[in-house]
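# Tertiary structure, described
Below are the chains, spelled out letter by letter.
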Amino acid sequence: MTVNRALFDSVMVPNYSPSQVIPVKGMGSRVWDQNDKEYIDFAGGIAVNCLGHCHPNLVAALKEQGEKLWHLSNVMTNEPALRLAEKLVNATFAEKVYFANSGAEANEAALKLARRWALDTHGEKKSQIIAFNKGFHGRTFFTVTVGGQAAYSDGFGPKPGNIDHAEYNDLASLEALISDNTCAVMLEPLQGEGGIVSPTKEFMQGVRDLCDKHNALMIFDEVQTGVGRTGELYAYMGLGVTPDIITTAKALGGGFPIGAMLTTTELAAHLKIGTHGSTYGGNALACAVGEAAFDTVNTPEVLNGVKQREVIIKDGLKAINAKYNVFADIRGQGLLIGAELTEAYQGRAKDFLNAAVDQGLMILVAGVSVIRFTPSLVIPLEDIEQGLARFESAVAAIVNA
Ligand SMILES: *Cc1c(COP(=O)(O)O)cnc(C)c1O
């Protein structure tokens, strides 16, 4: 069997269009493809590989648990799940944890909990969910409908109902929609897929106040921002507001699929026995790796290192921009950084991504006009320096083309 990119088109559903490159090995923030070409990884598996590739702590946890016990189902609980839940509860406002396998599933649980809580405590009328345009919450039908891009939810027949969208960072647009019939307001504490858009503190406080006024739950989707990505353990910690529910996935497993929904004891009580579940949620192997990732990230050294790396990367991008004038804005927080292209390069983020691959650098886009950087939280400083040099070559290749 020849395993190459052509095989993808022959055996895979055509919902993705992956690069021609097929990576086969990774170590830290370096990756090698089938031809042994080396790449520096500024993408981190779309903000998942928070400790790079094959971090020794994660490999050790995987090996140790892999030789002990992989899976039980939720007919019995297991030690890694209990340990990880205890650590999540100790480190956040939350008191209860529900484990899932992905971000979308964690959000699905949050939305179902919100609807069930509202039904139990206020009756049928309180079912409205408000989210924000350009928000992203996953690809199950409920979460994609709550997400703020109709293009992703159209074309699948009737959608889950009573879901409305306001404008991010525009409190008046939320105020116009919210009422005592609102059950929850769901948002990212920094819009990722939607273009790396930070909230203002006033907006966040305003959302919290409106939720309190109308007795609606505030749900933070921290799937991309959680577990150190912004330099805080969770982004809400830097915003001066406490949500009622947070969801976490991506970095939580450092590359192993796991997600979780975190909430208070009072709200959790509404997910009674039998109301929700998952075969794999709380899988022992996933939770063992998650525990090792969480322990490694949740230290002052790593979290402060994120803020230090943010400055280095943003300064590097500014220096490149001073030479080539391709970015209208460089923004984001921690190691969730966006560079928005100028008018002249609108719609061409993917061209920059492809040019970077040619130079041996993996980056991401967030929409068609924003380049996104989400490297490992512990990427070595020399990899940042070399990666930026490769990025400058990619930018030069496009500007001089
Ligand atoms: C990636 C992402 C999701 C979806 O996570 P999956 O693991 O792909 O289901 C949901 N919300 C946000 C904010 C994300 O960045």
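Cut-offs applied
- Residues numbered from 1 in each chain as written.
- Predicted model: local features only at pLDDT ≥ 70, side-chain atom pairs only at ≥ 80, totals over all residues.
- Heavy atoms only, no water.
- UniProt positions renumbered as here; feature names shortened; annotations may be inferred.
- Near = heavy atom within 4 Å.
- Polar contact = N/O pair within 3.5 Å; in protein donor to acceptor, adjacent residues only side chain to side chain.
- Areas by Shrake-Rupley, 256 points an atom, 1.4 Å probe, with all protein chains shown as cover.
- Helix = DSSP H or I, 4+ residues; strand = E, 2+ residues; numbered from the N terminus.
- Nonpolar A, V, L, I, M, F, W, Y, C, P; charged D, E, K, R; others polar.
- Buried < 20%, exposed > 50% of the residue type's maximum accessible area, 1.4 Å probe, protein only.
- Patch = residues over 30% accessible without salt bridge, like charges linked within 9 Å, V, L, I, M, F, W, Y side chains within 5 Å.
- Salt bridge = Lys/Arg side-chain N within 4 Å of Asp/Glu carboxyl O.
- Pairing = 2+ DSSP bridges.
- Contact = heavy atoms within 4.5 Å.
- Axes fitted to C-alpha atoms, helices over the stretch in contact; angles between N-to-C directions.
- Parallel < 35°, antiparallel > 145°, perpendicular 65-115°, else oblique.
- Left-handed = near helix turned anticlockwise from the far one by under 90°.
- Expected span 1.5 Å × (residues − 1).
- Phe/Tyr/Trp six-rings, centres within 6.5 Å; stacked < 30°, edge-to-face > 60°.
- Domains from an automatic or database assignment.
- Buried area = accessible area lost by both parts, 1.4 Å probe.

Looking at an unreviewed UniProt entry, the protein carries the name Acetylornithine aminotransferase, with the source organism given as Psychrosphaera saromensis. Entered under Sequence similarities (unreviewed entry) in the UniProt record, the comment concerning the protein runs "Belongs to the class-III pyridoxal-phosphate-dependent aminotransferase family. ArgD subfamily." Its UniProt record gives the protein the following Pathway (unreviewed entry) comment, quoted word for word: "Amino-acid biosynthesis; L-arginine biosynthesis; N(2)-acetyl-L-ornithine from L-glutamate: step 4/4."

### A word on the site of the ligand
Close contacts around the ligand come from 13 residues, with G103, A104, D221, Q224 and K250 the closest. Between the ligand and Q224, the relevant distance is 3.0 Å, taken from an oxygen atom to a side-chain nitrogen or oxygen of the residue. Expressed as a share of its isolated accessible area of 380 Å², the protein-covered part of the ligand is 82%. The leading source of residues in the shell around the ligand is helix α5 (residues 103-122), at three residues. Looking at the shell around the ligand residue by residue, the class counts come to three nonpolar, six polar and four charged.

### Comments concerning unusual backbone geometry
The phi angle at C54 is positive, at roughly 55 degrees, despite the residue not being glycine. Along the polypeptide, C54 turns up in the loop between α2 (44-47) and α3 (56-66). The exposure class of C54 is partly exposed, given its relative accessible area of 45%. The phi torsion at N325 lies on the positive side, around 50 degrees, for a residue other than glycine. As for its placement among the helices and strands, N325 is situated in the loop between α12 (300-324) and β11 (327-333).

### As for a nonpolar patch on the surface
Together, L69, L72, V75 and M76 give the surface a local cluster of nonpolar side chains, amounting to about 390 Å² of exposed area. Mapping L72 onto the fold places it in the loop between α3 and α4 (79-91).

### Overview of the sheet that holds strand β3 (residues 38-41)
Here we have four strands laid out as an open sheet, ordered β1-β2-β3-β13, and mixed in their pairing. Of all the strands in the sheet, the pair left with one neighbour each is β1 (23-27) and β13 (361-362). Note: β3 against β13, two bridges, orientation parallel. Its bridge partner lying in β13, I40 is registered against L361. Seen against the sheet, helix α14 (residues 381-399) touches β2 (30-33), β3 and β13 and runs at an angle of roughly 110 degrees to β3.

### Some details on the packing of helix α13 (residues 349-358) against α14
For the pair α13 and α14, interaxial distance at closest approach is 8 Å and the crossing angle is 125 degrees. Between α13 and α14, the angle is such that the two are oblique. Like other packed secondary-structure pairs, α13 and α14 cross with a definite hand, here right-handed. Contacts between α13 and α14 involve D351, F352, A355 and A356 from the first element and A394, V395 and I398 from the second. Along the lines of polarity and charge, the residues of the contact of α13 with α14 split into six nonpolar, no polar and one charged.

### Regarding α12
Helix length check: α12, at 25 residues, gives a terminal C-alpha distance of 36 Å against a target of 36 Å (1.5 Å per residue), a fit within 8%. On the buried face of α12, the contacting elements are α11 (284-297), β11, β12 (336-341), β15 (370-373) and α14. With its phi angle positive at about 50 degrees, N325 sits one or two positions after the end of α12.

### Comments concerning the packing of aromatic side chains
Across all of its chains, the model carries ten aromatic pairs by this definition. For the pair F132 and Y168, a centre-to-centre distance of 6.0 Å together with 85 degrees between the ring planes defines the contact as edge-to-face. Highlighted residues: F132 in strand β5 (residues 128-132) and Y168 in the loop between β6 (163-166) and α8 (171-175), separated in sequence by 36 residues. Residue F132 shares its accessibility class with Y168, and that shared class is buried. Between F132 and F203 the ring centres are 5.7 Å apart and the planes differ by 80 degrees, which places this aromatic pair in the edge-to-face class. Separated by 71 residues along the polypeptide, F132 in strand β5 and F203 in helix α9 (residues 201-213) bring together distant segments of the chain.

### Concerning the domain arrangement of the protein
One can read the domain layout of the protein as domain 1 (5-54 + 300-399) and domain 2 (57-297). Between domain 1 and domain 2, the C-alpha centre-to-centre distance is 26 Å. Counting residues at the interface gives 26 residues for domain 1 and 24 residues for domain 2. Both sides together, the interface formed by domain 1 and domain 2 hides about 2100 Å², and carbon and sulfur atoms give 62% of it. Contact with domain 2 buries surface across domain 1, with L51, L303 and L336 losing the most and accounting together for 26% of the total. Here domain 1 is connected to domain 2 by two salt bridges.

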